[in-house]
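Inside the fold
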Amino acid sequence: MNMIIDSCYQGVVEKLTKQGVIKDISKELLKLETNDERTLFVYSILEDLNSFPNVLKLGKSNDISTHYRCLGNIYYQQNDFFKAFQYYNVSLTNAPYNSENYCTAISNRSIVLYKLKKYKESLKDVEYVLSLDCPEKLLEKLNTRKNMCIKALAGEPKYTNKMEKVESLVTMKGPCDPTYVCASSKLEVVYSDEMGRHVCAKEDINVGEVLVIEDPYFTLLLKSQYLLCCSYCLLSNLNLLPCNNCCFAMYCSEECKVRALKEYHSVECDLMATLFKMEFTKLELSALRTVIKARNDHADWKSLFETIKEADANMNTKHQGQVKVGDKWLYDSKYYTSIHTLATNVEKRSISDIFQKAISAAVFLRFLKLNTTFLQCDNNEEQDEIFKCVAGLLLLHLMTVPTNMHGISTNVMNENGLLLSDVSVASGAYAFLSLINHSCAPNVVRFSKEGEGIMTLFALRPIKKGMQIFDNYGSHHAMEDYSSRQSSLKFQYKFTCVCEACVDKWPTYVQLNMMPTKDLPVKICQKKKSVLNQHAIRQLQNGDVCTALNIYKDLCVLCEQFDKYAPCVELCDCQEALKQCFMIFEGFRTFGSDDVIEWTEITTKTFNGPEIGALNKFFFPQEV
C-alpha cells in the first residue's frame, strides 16, 4: 500500500486502539532507554500489523515526459514563461537520457530563456542539445536560435559588478576560534545546567560585525525548489540537468551530481518517488539524509561505529561534539560528530511524539533494508549491529533535527522590481549555529548567500563582553505577541522563553506605533530621518546595492544609539533596514518568482488512464 506518512501513523494508532493495546504499548515504550530499542520495538509492531508502506517504482518515461512538455507548451503559448520553464524541467527529469524527449525538453527550455532575455543561458542549452544525439527535425531551429543568442549577447551592455564592494562587509574581521573554526575568536562556547551549551561574547561586539561563517554538514533542497535550484549546492540555475536515474534531483554541474551521489543520493535515488509521494517533511527527510551521509563519510561501518563511540564518550564534557585532528580538538560541521551530539530533548517529549517519530524511523529503516543496499555487508554478525545502529540513528536525528536545523531562504525580484523576502529554499545542518539560544529580541541575525548553503551571522545589536549571543527561532516580539510566541516555542522547541522581551512583555511593532513616542535625543531622531528617508526605503525595497552600501554604516551606528531605548519604533525601523541591507549583500534570485507549480509524480499506470490520454490528444499538436 502507498500512503502519506501521517496516514500511516493514524492507521497504526487506529488498529492498536481497536485491539485495546495503546496503553500497554505506551507503557512498554516508556520503559525503553535507547533509541535503537524504541525504533525496533515500533518496527515489530508495524510488521505485525502489516502496516509498512510499499516503495513506489518510478522510472524514466517518454510518455510522461511528453505529457509534461505539452503542459509547458500550453503555458508558453499563454506567455507564462516561468510556468512553462518549470514544466519543461519536469519533462526533462522524466525523459530517458539523450532521448528525443530529453533533447526536445531542453530545446523548448532554451526558447523560454531566449524570450526572457536570458541569452547566455539559452545559448548554453542550445549548444548542449547540439552535442547530444539531437533529432534532425530540431537542428534548423536550434542553429537559428544559436545565432540569435550570439547576436543578442554581442549587443548587451557591459555591467560593472557592484557586489565586489560588498565582500569586505560580509567577511569576518580578525582571527577565528582555534576550536570552533567557523566562529570569530570574540565568541566562546560555555555550559550551564540551565542553558546547556551556549555562546557568549569574550569581547565587546559592534553592530554589523560578522561573527560566524559556517558551512553546513549538508543541505536539503525543499520540494518547491526541485525545478529551480541545484539539489546539491542550491545554486539557482537555469541550465539544470537531471539525475540519470530518478525523476526528481537536478544539478547545476557534473561535479555536484557526483558529490551528491557519493554523499547520499546513491541511497536516496530509488526512494525519491516514495519519499515525495508520502509527503515526508523536510525535518524527516533531513534525519534520513544525516544517517546516510554519516555512513558515507566513513570508509566502512566499523569506522562509523568508532566515531559514534568516541562522540558518546565525550558527551557532557568540554570536548562534546569535537574531534581530535592531530593534536587539536575541532568543532566543525564537516565532521559528523558535531551533528551526532546535538540536543534531542527526549526527556521533554510526550510518549505520542516519540511513538510518531519512531514510526517514521521504522519506515525509513524498512525502506533501507528492502529497497537499497545501504545496510548490506558480508558479515552476518555485523549485519545485526548495522541494523540496530541505523535504527537508533534514525530516531536520534528525527529528534535532533526539529530543534537544530536552520532554514535557508533567498530573495526573488518580482515583476514590479520589488524584492519578495524570505522565499524558503532549503534546510541545513549547522553544528555551531545550533548552539546559539533563542531570544524574541535577538542580538544577531543570519543570512545565506543566494545559491549557497554557507550561513553568515551578523551582530544586530551591541553585545558587551560576557553577554550571551541570542538568535531568533522565528518568534519575534515585533511581529508576534507574547502568548503566541510562548505557545509556538513551547510546541516546537520544548522551552519557556525568558528573554527580555518576554519577561518585560515588550509590545509588537503595531502596538509600539500606537504608543506615545519615547523621549529620544533629537539629534539621533533627525539622523534617522535623514538616513532612512522615503527614497532610501524605496531603493532598499528595489534591492539597490548602492543605497545599501551608502547607508549601511550609518544604520549600524543608529542601531547602537537606539538600542538603549529599546523597545521603540525607531530601533525596529533601523534594524529592519539593516536586515534589508544584509539581504541585498547576500544577493537575490533574478529569475522567476515565488509562483512555483504544484506537480505530482505520474506513474505509467496513471498515465495510461483515460484522463491523461485525453490530455495528450489535446496537448500534443501544440509543439513549440
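Criteria and cut-off values
Residues numbered from 1 in each chain as written. Predicted model: local features only at pLDDT ≥ 70, side-chain atom pairs only at ≥ 80, totals over all residues. Heavy atoms only, no water. Helix = DSSP H or I, 4+ residues; strand = E, 2+ residues; numbered from the N terminus. Rg over C-alpha atoms; globule rule 2.2 N^0.38 Å. Buried < 20%, exposed > 50% of the residue type's maximum accessible area, 1.4 Å probe, protein only. Contact = heavy atoms within 4.5 Å. Areas by Shrake-Rupley, 256 points an atom, 1.4 Å probe, with all protein chains shown as cover. Lys, Arg positive; Asp, Glu negative; His and termini not counted. Charge placed at Lys NZ, Arg CZ, Asp CG, Glu CD. Pairing = 2+ DSSP bridges. Axes fitted to C-alpha atoms, helices over the stretch in contact; angles between N-to-C directions. Phe/Tyr/Trp six-rings, centres within 6.5 Å; stacked < 30°, edge-to-face > 60°. Lys NZ or Arg CZ within 6 Å of the ring centre and 35° of its normal. Left-handed = near helix turned anticlockwise from the far one by under 90°. Nonpolar A, V, L, I, M, F, W, Y, C, P; charged D, E, K, R; others polar. 1 Å grid on protein atoms, 1.4 Å probe; cavity = no way out; pocket = protein on both sides within 12 Å on 5 of 7 lines; lining within 4 Å. Points joined across faces, edges and corners; volume = space filled by probe spheres on them. Disulfide = S-S within 2.5 Å. Parallel < 35°, antiparallel > 145°, perpendicular 65-115°, else oblique. Core = buried A, V, L, I, M, F, W, Y, C linked by side-chain atoms within 4.5 Å. Salt bridge = Lys/Arg side-chain N within 4 Å of Asp/Glu carboxyl O.

Time to look at the overall build of the protein. Along the backbone of the protein there are 24 helices and 14 strands. Relative to its length of 624 residues, the protein is compact, with a C-alpha radius of gyration of 26 Å against a globular reference of 25 Å. Overall, the protein is about 75 × 70 × 50 Å in size when its C-alpha atoms are taken along their principal axes. Here the protein holds 624 residues, and the buried ones make up 56% of them. When contacts within the protein are restricted to residue pairs at least 6 apart in sequence, long-range pairs at least 24 apart make up 73% of them. Element-wise, carbon and sulfur atoms account for 50% of the exposed surface of the protein, whose accessible area totals about 29100 Å². Treating the 70 positive side-chain charges of the protein as one cloud and the 75 negative ones as another, the clouds have centres 3 Å apart.

Next up on the list: the sheet that holds strand 12 (residues 444-448). As summarised here, the arrangement of the 3 strands in space is 3-13-12, forming an open sheet in which the pairing is antiparallel. Sheet topology places strand 3 (210-214) and strand 12 at the edges, where each strand pairs with a single neighbour. With direction set aside, neighbouring strand axes in the sheet form an average angle of 20°. Relative to strand 12, helix 22 (residues 569-586) is tilted by about 25°, and along the sheet it contacts strand 12 and strand 13 (455-459).

As a further point, take unusual backbone geometry. Cis geometry marks the peptide bond from A566 to P567, where omega comes out at 0°. Turning to its location among the elements, P567 is positioned in the loop between helix 21 (545-562) and helix 22. A positive phi angle, close to 55°, is found at N50, a residue other than glycine. Turning to its location among the elements, N50 is positioned in the loop between helix 3 (35-48) and helix 4 (62-77).

The next thing to look at is the packing of aromatic side chains. For the structure on display, the rule yields 25 aromatic pairs. Between F447 and F582, the ring centres sit 6.0 Å apart and the planes meet at 50°, which makes this aromatic pair tilted. Taken as a pair, F447 in strand 12 and F582 in helix 22 lie far apart in primary sequence, 135 residues in all. Taken as a pair, F447 and F582 share a single burial class, namely buried. Cluster of aromatic residues (ring-pair linked, three or more members): F447, F458, Y552, F582 and F585. Over the ring of F276 we find K223; its NZ or CZ atom is 5.6 Å from the centre of that ring. Over the ring of Y264 we find R289, and its NZ or CZ is 3.7 Å from the ring centre.

Direction vectors running N to C along helix 1 (residues 5-19) and helix 14 (residues 351-371) enclose 115°, while the axes themselves pass 10 Å from each other. The interaxial crossing formed by helix 1 with helix 14 has right-handed handedness. Packed against helix 1, whose contacting residues are I5, D6, C8, Y9, V12, V13 and L16, the element helix 14 presents S352, F355, Q356, I359, S360 and V363 at the interface. The residue makeup of the contact of helix 1 with helix 14, split by class, is 9 nonpolar, 3 polar and 1 charged.

Relative to the elements of secondary structure, I22 occurs in helix 2 (residues 22-31). Excluding its chain neighbours within four sequence positions, the residues that come into contact with I22 are V13, L16 and T17.

The next thing to look at is empty space enclosed by the protein. If you walk through the whole model with that rule in mind, you get 4 cavities of 30 Å³ or more. If you add up the space inside the largest cavity, you get close to 70 Å³. A441, P442, L460, R461, H476, H477, W506, P567, C568, L571, C572 and Q575 together form the lining of the largest cavity. A per-class count over the lining of the largest cavity returns 8 nonpolar, 3 polar and 1 charged. If you add up the space inside the second largest cavity, you get close to 60 Å³. Lining the second largest cavity, in full, are T290, I339, L342, H397, T400, V401, N404, M405, A429, Y430 and S434.

Looking now at the environment of N50. A relative accessible area of 59% means that N50 is categorised as exposed. Taking the C-alpha atoms as reference points, N50 and F218, separated by 168 residues in sequence, lie 34 Å from one another.

Our next topic: the state of the cysteines. If you walk through the whole model with that rule in mind, you get 0 disulfides. Unpaired in this structure, C70 has its nearest cysteine sulfur neighbour in C103, at a distance of 16 Å. For C70, a relative accessible area of 0% translates into the label buried. Summary of cysteine pairing: C499 is not part of a disulfide, and the nearest cysteine sulfur, belonging to C497, is at 3.5 Å. Judged by its relative accessible area of 9%, C499 is buried.

It is worth spelling out the packing of helix 3 against helix 15 (residues 380-404) at this point. The geometry of helix 3 relative to helix 15 is characterised by a closest axis approach of 7 Å and an angle of 100° between their N-to-C directions. On the basis of the axis angle, helix 3 is roughly perpendicular to helix 15. On the side of helix 3, the interface is formed by N35, D36, R38, T39, L40 and Y43, while helix 15 contributes F387, K388, A391, G392, L395, L396 and M399. Of the residues in the contact of helix 3 with helix 15, the class split is 7 nonpolar, 3 polar and 3 charged.

What follows concerns the nonpolar core. Of all hydrophobic cores here, the largest spans 146 residues; its most connected members are F248, F355, V390 and F432. It is helix 15 that contributes the most residues to this core, 12 residues altogether. Listed in part, the 44 residues of the second largest apolar core include V166, C499, C502 and V545.

To continue, consider the pattern of salt bridges. Counted by the stated rule, this structure contains 15 salt bridges. Of the charged contacts, one joins K137 and E100 as a salt bridge, the two residues approaching to 2.7 Å between their closest N and O atoms. Placement of K137 in helix 8 (residues 136-154) and of E100 in helix 6 (residues 100-115) is noted, with a sequence separation of 37 residues between them. On the basis of relative accessibility, which here comes to 42%, the residue E100 falls in the partly exposed class. Among the ionic pairs, R461 bridges to E500, the shortest N-O distance being 2.8 Å. Highlighted residues: R461 in the loop between strand 13 and strand 14 (470-471) and E500 in helix 17 (residues 500-503), separated in sequence by 39 residues. We classify R461 as buried; its relative accessible area is 8%. According to the relative accessible area criterion, E500 is partly exposed, its value standing at 35%. Via salt bridges that share partners, R349, D353 and K357 belong to a single interconnected network.

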